[in-house]
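Observations on chain architecture
Below, each chain spelled out in residue letters.
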Amino acid sequence: MPKKVEEIGRVRRSKEDARASYNRMSKWYDAVAGSSEKKFGDAALRKLNAKAGERILEIGFGTGHGILALARAVGDSGRIYGIDISEGMLEITRSRLRKSGLLERVDLERGDASSLLYPADFFDAVFMSFTLELFDTAEIQAVLHQCRRVLKPGGRLCVVAMSKEGKSGVMMKLYEWGHKKFPSYLDCRPIFVRQAIESAGFEIADMARMTSWGLPIGIAVARKNREE
Ligand SMILES: C[S@@+](CC[C@H](N)C(=O)[O-])C[C@H]1O[C@@H](n2cnc3c(N)ncnc32)[C@H](O)[C@@H]1O
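Points about the sheet that holds strand β5 (residues 151-162)
Taken in spatial order, the 7 strands make up an open sheet running β3-β2-β1-β4-β5-β7-β6, and their pairing is mixed. Only two strands of the sheet have a single partner each, and these edge strands are β3 (106-110) and β6 (203-212). This sheet shows a mean twist of 15 degrees between the axes of neighbouring strands, independent of strand direction. Relative to β5, helix α6 (residues 137-150) is tilted by about 150 degrees, and along the sheet it contacts β1 (55-59), β4 (123-129) and β5.

See below:
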């Protein structure tokens, strides 16, 4: 295994624990984490640049801000799919879509994204915001390979995640210490975003960096090879 992949923290909780934890968090997620994360998700969505008529999947859609923006962007001729492990998140997203009159444009599913049941070559794009870093080290590759399988040739993958690329500052060291000590509260951990995506066979088209409280955030847009 390449050195950098080994360096990221492990995620040892069970899927059932992840599900229960996000169910508990779902009601207050927007008030606590959602608002600070939203600007990064919005920046990533601008880079993804969803177009009318596209079929797009969001993995780990949370309270549904991304799904809503995507549903607006693809219009009546497009379709949005979402998978999230938490039924609490699913209910909040469903209600957001219903209020906006866009529920009919979206298929939501409760499930674990480490096995995607969508057909091969099905989506124009796959979007993930602060979700890839929740999977254990080996699973990150499994999830990205699934993304490649379900994307059409030339399809786009857009990932926004806490990034370990570059120099680790004090905040990063503190955060990683916190993740090790209190993994149920600080469940995300920084990952090598670019390297993970390239290792899964994608070609990076655009890579941007932002920071949140001194912590690097990576936004990557990558493509599945057109010849596949
Ligand atoms: C940190 S939240 C991010 C939510 C949203 N994407 C955002 O940016 O605000 C992670 C989301 O991923 C979901 N999740 C966690 N593990 C998952 C898994 N194995 N499969 C699918 N969704 C998962 C959680 O339920 C939660 O909604």
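Thoughts on the environment of Ile83
By the element assignment, Ile83 lies in strand β2 (residues 79-84). Overall, the presence of 21 C-beta atoms within 10 Å leaves Ile83 in the buried class. The spatial distance from the C-alpha of Ile83 to the C-alpha of Leu57 is 7.8 Å, given a sequence separation of 26 residues. Sequence-distant contacts of Ile83, defined by excluding residues within four places in its chain, comprise Ile59, Glu109, Gly111 and Ala113.

Brief notes about the pairing of β1
Most of β1 sits inside the fold, with 4 of its 5 residues counted as buried. Read from β1 through helix α4 (residues 65-74) to β2, the crossover connection turns out right-handed. Of the pairings in the sheet, the one linking β1 to β4 comprises 4 bridges and is parallel in character. Among the inter-strand pairings, Ile56 is bridged to a residue of β4, identified as Ala125.

A word on helix α5 (residues 87-100)
Relative to the 20 Å expected for 14 residues at 1.5 Å per residue, α5 spans 20 Å between its end C-alpha atoms, a close match to the ideal helical length. Those residues of α5 that sit buried are Gly88, Met89, Leu90, Ile92, Thr93 and Leu97. The inward-facing, buried residues of α5 contact α2 (15-25), α4, β2 and β3. One or two positions beyond α5, positive phi appears at Gly101, with a value near 75 degrees.

Here we look at the site of the ligand
The environment of the ligand is made up of 24 residues, and the closest members are Tyr22, Gly60, Gly62, Ala113 and Ser129. Listed by contribution, the elements that provide at least two residues to the shell around the ligand are α2, α3 (29-48) and β2. Here the residues of the shell around the ligand sort into 11 nonpolar, 9 polar and 4 charged.

Remarks on the nonpolar core
Note that soluble globular proteins tend to have their nonpolar side chains buried in a common cluster. With 58 residues, the main nonpolar core has Ile56, Val126, Leu157, Val159 and Ile197 as its most contacted residues. When neighbours within four sequence positions are excluded, Val126 is seen to be in contact with Leu57, Ile59, Cys147, Val150, Leu151 and Leu157.

Focus: the pairing of β4
One face of the sheet, then the other: side chains in a regular strand alternate in exactly this way. Burial runs high along β4: 6 of the 7 residues are buried. Looking at chain direction, β4 and β5 are connected through 6 bridges and run parallel. If you follow Val126 over to β5, its bridge partner there is Leu157. After leaving β4, the chain enters α6 and then returns to the sheet as β5, a path that is right-handed.

Structural notes on unusual backbone geometry
Backbone geometry at Asp121 places phi at a positive 55 degrees, although glycine is not the residue there. Positionally, Asp121 belongs in the loop between β3 and β4. Taking the C-beta count within 10 Å as the criterion, Asp121 has 13 such neighbours and is therefore assigned partly exposed.

Describing the packing of α4 against α5
Axis separation between α4 and α5 bottoms out at 9 Å; the angle between their running directions is 35 degrees. Read as a crossing pair, α4 and α5 show a hand that is right-handed. Contact with α4, carried on its side by Ile67, Leu68 and Ala71, involves Thr93, Arg96, Leu97 and Ser100 of α5 and no other residues of that element. Its residues assigned to classes, the contact of α4 with α5 shows 4 nonpolar, 2 polar and 1 charged.

Observations concerning the confidence of the model for the chain
Looking at the chain as a whole, its pLDDT mean stands at 91, while 96% of the residues score no less than 70. Residue range residues 1-6 is modelled with pLDDT below 50. Its contacts to residues more than four positions away, or to other chains, number 4 contacts.

Analysis parameters
- Counting restarts for each chain: residues are numbered from 1 in the order of the written sequence.
- At least 70 in pLDDT is required for a residue's local features to be given in this predicted model, at least 80 for side-chain atom pairs to be given and counted, and no such filter applies to totals for whole chains, interfaces and linings, which use all residues.
- The pairing criterion is simple: DSSP has to find at least two bridges between the two strands.
- In this text, helices come from DSSP runs of H or I with a minimum length of four residues, and strands from runs of E with a minimum of two, each type numbered from the N-terminal end.
- Simply put, an axis is a line fit to the C-alpha atoms, just over the touching stretch for a helix, and the angle between two N-to-C directions goes from 0 to 180 degrees.
- Contact between two residues is assigned whenever their backbone-derived C-beta positions fall within 7 Å.
- Remark: C-beta atoms are placed from the backbone, and a residue is labelled buried if 20 or more other C-beta atoms sit within 10 Å of its own, exposed if 12 or fewer do, or partly exposed between those counts.
- Looking down the strands as they point away from you, a crossover is right-handed if its path from the first strand over the helix to the second goes clockwise.
- The span one expects for a helix is its residue count, reduced by one, times 1.5 Å.
- We count a residue as near a molecule or strand when its backbone-placed C-beta atom lies within 6 Å of that partner.
- Here the nonpolar group is Ala, Val, Leu, Ile, Met, Phe, Trp, Tyr, Cys and Pro; Asp, Glu, Lys and Arg are the charged ones; every other residue, Gly included, is treated as polar.
- Defined on buried residues, the nonpolar core groups Ala, Val, Leu, Ile, Met, Phe, Trp, Tyr and Cys residues joined through C-beta atoms within 7 Å.
- The handedness criterion is simple: a crossing whose near helix is rotated anticlockwise from the far helix by less than a right angle is left-handed, and one whose near helix is rotated clockwise is right-handed.
- pLDDT is a per-residue confidence score from the predictor, ranging from 0 to 100.

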